[in-house]
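Listed here are the chains, written in short residue letters.
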Amino acid sequence: MLSIIEQIKQGKLWDFHGGIHPAENKALSSKQPIKAAGIPHELVLPLKQHIGSRGDIIVNIGDHVLKGQPLTQGDIAMCVPIHAPSSGTITAIEQRTTAHPSGLTDLCIVIATDNQDTWCQTKQYPDYQDRDPAELIEAIRLAGIAGLGGAGFPTARKLQGGLGNVDILIINAAECEPYITADDRLLQDYADEVIEGVRILRHIIAPKLTLIGIEDNKPEAIKALEACVSEDDNIIIRVIPTKYPSGSSKQLVKLLTGREVPSQARSTSIGVIMQNIGTAFAIKRAIVNGEPLIERVVTLTGEAFKQRGNVFALLGTPIAYLLEKFGYQADKKYPRVIIGGSLMGFTLPHANVPITKITNCILTPKRKELPLHTYEMACIRCSACADVCPSSLLPQQLQWYAKDKDYDKCEEYNLSDCIECGACAYVCPSEIPLVQYYRQAKAEIWERKQDEMSAERARQRFEAKQQRMERDKADRENRFAKAATDRRQNMAASGGDDAVAAAIARVKAKQAAAATTPTIKPAVAAAIAKAKAKQAASTSEANVEPDNSEMAALRKQRKLQAREQKAAKHAELMQQQQADTDQPSAQNTDKKDAVAAAVARAKARKAAQQAPMAIDAEPVTKVNTDAAVDPKKAAVAAAVARAKARKAAQQAPTTIDAEPVAAEPVTEVNTDAAVDPKKAAVAAAVARAKARKAAQQAQVSIETQAPVNDTTTKAAPAAEVNTDVVIDPKKAAVAAAVARAKARKAAQQAQVSIETQAPVNDATTNAAPAAEVNTDVVIDPKKAAVAAAVARAKARKAAQQAQVSIETQAPVNDATTDAAPAAEVNTDVVIDPKKAAVAAAVARAKARKAAQQANKAQSNIEEE
């Protein structure tokens with residue numbers, strides 16, 4: 001049986017599953033030789049133009065660089081540097097859009113060219129046949145060469161992995177995708193340099209057989225290759241049938257050798273290594289000429305280009321520069337710029353995207369030339385995609401799982417083996433963009449794997465840290481144990497005891513002694529004794545009554561001063577009242593005094609009920625504290641005084657309306673100004689309502705009232721008011737309404753009591769201040785009790801008669817009530833009806849509160 005190499009030499013070819021035959025459209029750009037694209041004014045160089053990690057930047061902004069000068073560096077095999085395609089100044093290192101289907105940005109170095117195109121110093125290897133393969137591989141890596149067929153795999157890494165492992169070298173010249181003619185023109189114009197690059201690869205790898213696979217649709221390139229290859233080169237040119245995607249790595253290996261590359265593996269695993277035509281040309285330039293990879297052949301094709309063909313474009317050249325230079329005329333309705341061919345290419349978001357190491361074609365089709373995809377329709381399960389898949393996959397199943405984001409199923413169905421050739425989408429009658437689903441799913445799977453790898457690395461680091469900490473702990477314990485052993489040995493050798501053991505023994509002895517004989521320390525005993533002494537001293541001091549004699553003397557002095565001031569004020573007010581009286585009447589003086597006393601007592605009681613707490617600060621009633629009063633006698637005297645006060649109020653004459661009472665006015669009345677009749681009527685109605693309610697509350701209070709200790713009080717002038725204070729108009733209006741109500745009530749009670757009562761003894765009512773009690777007189781308890789009972793009965797009768805009289809009485813003349821000093825009103829202030837209503841509500845609330853306070857005060861007195 002012949003070996004694979006012998007079968008290949010005999011011209012045998014194999015075939016792969018699937019494949020399609022689309023329109024080639026290669027004649028648009030393959031007629032003209034390759035020419036230079038020129039030097040643009042700006043070059044944009046992405047740091048990552050290959051598979052692997054990007055290098056470290058070794059230049060700064062503002063640096064002037066020469067052509068071929070390295071801009072990045074890296075020490076690992078999967079990292080290749082980039083070089084300056086032309087001389088100029090670095091203007092920026094920033095994010096720019098790169099040639100990628102995602103349209104995302106990446107870090108780029110921007111060079112402003114100076115059009116001098118000055119080369120830097122380079123290193124050539126014209127005698128490469130005498131060099132070590134490892135040295136040549138390193139030179140290829142430093143030249144920045146990556147696979148120019150489209151994958152971008154670092155060439156040095158691929159060659160290093162194939163050393164000693166491969167026996168067949170394949171040069172891929174198929175270039176199967178429509179529109180692209182870069183390799184075809186390169187073979188036609190630079191076949192000798194390509195073959196020289198193949199010889200360098202043969203020297204490095206030393207394969208048993210070298211094959212150049214080329215499709216039969218490139219006759220000129222085939223002739224150029226045959227003219228450059230000799231029998232000594234041991235290079236076989238194998239022409240294969242035109243079929244897409246025969247230019248793919250796995251498919252071309254199957255065509256030429258009959259071997260199948262395993263899933264998720266490279267061709268080197270089956271003894272085959274493959275390089276592209278463009279890669280061989282770049283290796284020749286790097287080794288022989290010392291030129292790094294700074295330019296590549298790019299096909300400019302499509303009906304939108306006026307000048308179609310292939311050009312040597314510097315890496316980093318903006319595509320917009322090429323479009324402008326070679327006469328691009330965009331389609332009016334659907335302008336498109338595609339990087340790559342019509343099946344595997346992708347549309348750019350804009351034209352300011354640079355040329356990179358894997359850019360082999362710029363396609364600008366018109367709308368009729370390359371129709372746009374219409375709306376995606378549902379899969380009809382025709383199996384056309386599975387029939388043309390060169391990797392023998394199930395595209396419809398993969399599309400369903402990718403759309404459902406079931407990435408585990410995608411991996412189970414070998415999504416990673418998809419070469420994204422686009423044959424399935426090309427034949428799909430539902431126009432489903434299958435390749436787009438596969439690309440998105442691959443990106444998601446790759447990201448998940450990266451996360452898993454990061455988590456695994458983190459776990460390994462954590463475990464390594466834990467192990468290191470445990471080792472450190474064990475070492476530390478061993479050191480301590482060894483030190484303790486050495487110390488004990490030294491102590492034993494010197495005849496002494498172990499210091500630690502001795503200390504522990506002493507502590508244990510102290511604890512045992514404390515547990516057996518608990519004793520109280522002297523300091524603790526002294527503290528307990530002092531605490532007991534302080535407690536006994538505080539107890540004895542608490543039993544001693546405090547000496548309040550000084551405070552009592554000061555309080556007595558303040559009371560005397562207050563009584564003197566009030567007496568002086570009362571005398572002044574009495575003189576003013578007598579001077580203001582126009583018609584004095586001598587015969588009614590006693591009666592007027594009685595009425596004034598009654599009014600004063602009423603005001604005093606009300607003031608005491610409404611402000612009981614204010615009596616201590618500024619007493620209204622003066623107390624004679626000179627004589628010591630027996631509690632029982634004081635109670636009897638209070639009852640007698642209360643009965644006399646009620647009787648004096650009931651017997652007051654009705655002449656109050658004609659003449660003013662010589663009592664202290666609450667608020668002075670200015671009678672010069674006339675009162676509005678309407679407002680006066682409203683105020684009178686409000687006052688009558690208040691009078692009725694006050695009479696009812698007074699009746700309830702009199703029936704339930706207990707004796708009050710009135711014998712120790714002297715009625716000071718009722719509710720003295722400081723008239724020097726400026727009165728607020730609103731407050732004056734409220735005060736006027738309250739005063740009128742009090743005046744009507746007093747007049748009604750006085751009228752009723754005059755009709756039913758006999759004349760009162762003037763000596764009884766002529767007391768000023770009203771109802772002064774001499775506490776020096778001894779009062780008989782029995783007589784006092786009888787007098788109190790009689791007084792309460794008369795008070796109840798007077799209240800009932802006052803209520804009947806109020807209900808049937810006609811409105812009182814405002815002019816009459818205004819004359820009563822008990823309710824003096826300043827008529828200069830105009831009374832607003834709304835304010836009067838508010839004042840009435842306030843008065844009602846105060847009346848309720850006064851009744852409640854009176855009840856509480858009465859209950860307190862009864863308990864005493």
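Residues numbered from 1 in each chain as written. Predicted model: local features only at pLDDT ≥ 70, side-chain atom pairs only at ≥ 80, totals over all residues. Heavy atoms only, no water.

Each helix and strand counted, the chain has 25 helices and 18 strands in total. Counting across all 864 residues of the chain, residues that qualify as buried make up 41%. Across the chain, the fraction of contacts at a sequence separation of at least 24, relative to all contacts at a separation of at least 6, is 79%. Accessible surface computed for the chain: about 46200 Å², of which carbon and sulfur atoms make up 53%. (Helix = DSSP H or I, 4+ residues; strand = E, 2+ residues; numbered from the N terminus. Buried < 20%, exposed > 50% of the residue type's maximum accessible area, 1.4 Å probe, protein only. Contact = heavy atoms within 4.5 Å. Areas by Shrake-Rupley, 256 points an atom, 1.4 Å probe, with all protein chains shown as cover.)

A separate point is the pattern of salt bridges. Here the structure, examined in full by the defined rule, presents 26 salt bridges. When the shortest N-O distance is used, the salt bridge between Asp189 and Arg185 registers 2.7 Å. Separated by 4 residues within a single helix, Asp189 and Arg185 lie in helix H4 (residues 182-205), roughly one turn from each other. On the basis of relative accessible area, Asp189 is assigned to the partly exposed category, the value being 28%. For Arg185, a relative accessible area of 8% corresponds to the buried category. Close ionic contact of Glu412 with Lys409 constitutes a salt bridge, the shortest N to O distance being 3.5 Å. Here Glu412 pairs with Lys409, and both are found in helix H11 (residues 407-412), just 3 residues apart, close to one helical turn. In this structure Lys409 comes out as partly exposed when scored by relative accessible area, which is 29%. (Salt bridge = Lys/Arg side-chain N within 4 Å of Asp/Glu carboxyl O.)

This part takes up unusual backbone geometry. Going from Tyr244 to Pro245, the amide bond is cis rather than trans, its omega being 5°. Relative to the assigned elements, Pro245 resides in the loop between strand E10 (235-240) and helix H6 (249-257). One non-glycine residue, Glu175, adopts positive backbone phi at about 45°. Following the sequence through the fold, Glu175 ends up in the loop between strand E8 (168-172) and H4.

Okay, the sheet that holds strand E13 (residues 309-314) next. The mixed open sheet is built from 6 strands, whose spatial order is E1-E13-E12-E16-E14-E15. Unpaired on one side and paired on the other, strand E1 (35-36) and strand E15 (346-347) mark the two borders of the sheet. Note: E1 against E13, 2 bridges, orientation parallel. When the sheet's bridge partners are listed, Lys35 is paired in E13 with Val311. (Pairing = 2+ DSSP bridges.)

The next thing to look at is the nonpolar core. Counting 59 residues, the largest nonpolar core has Leu71, Ile111 and Ile287 as the members making the most contacts within it. The leading source of residues in this core is H4, at 10 residues. Sequence-distant contacts of Leu71, defined by excluding residues within four places in its chain, comprise Leu45, Asp56, Ile57, Ile58, Val59, Val65, Ile82, His83, Ala84, Ile109 and Ile111. Among the nonpolar cores identified, the runner-up in size contains 19 residues, and Ile5, Ala174, Ile240 and Met274 belong to it. (Core = buried A, V, L, I, M, F, W, Y, C linked by side-chain atoms within 4.5 Å.)

Any two packed helices are characterised by the angle at which their axes cross and by the distance between the axes. Direction vectors running N to C along helix H2 (residues 133-142) and helix H3 (residues 155-162) enclose 160°, while the axes themselves pass 8 Å from each other. As the angle between them shows, H2 and H3 are arranged roughly antiparallel. Of the residues in H3, those in contact with Ile137, Ile140 and Arg141 of H2 are Thr155, Ala156, Leu159 and Gln160. For the contact of H2 with H3, the per-class residue count stands at 4 nonpolar, 2 polar and 1 charged. (Axes fitted to C-alpha atoms, helices over the stretch in contact; angles between N-to-C directions. Parallel < 35°, antiparallel > 145°, perpendicular 65-115°, else oblique. Nonpolar A, V, L, I, M, F, W, Y, C, P; charged D, E, K, R; others polar.)

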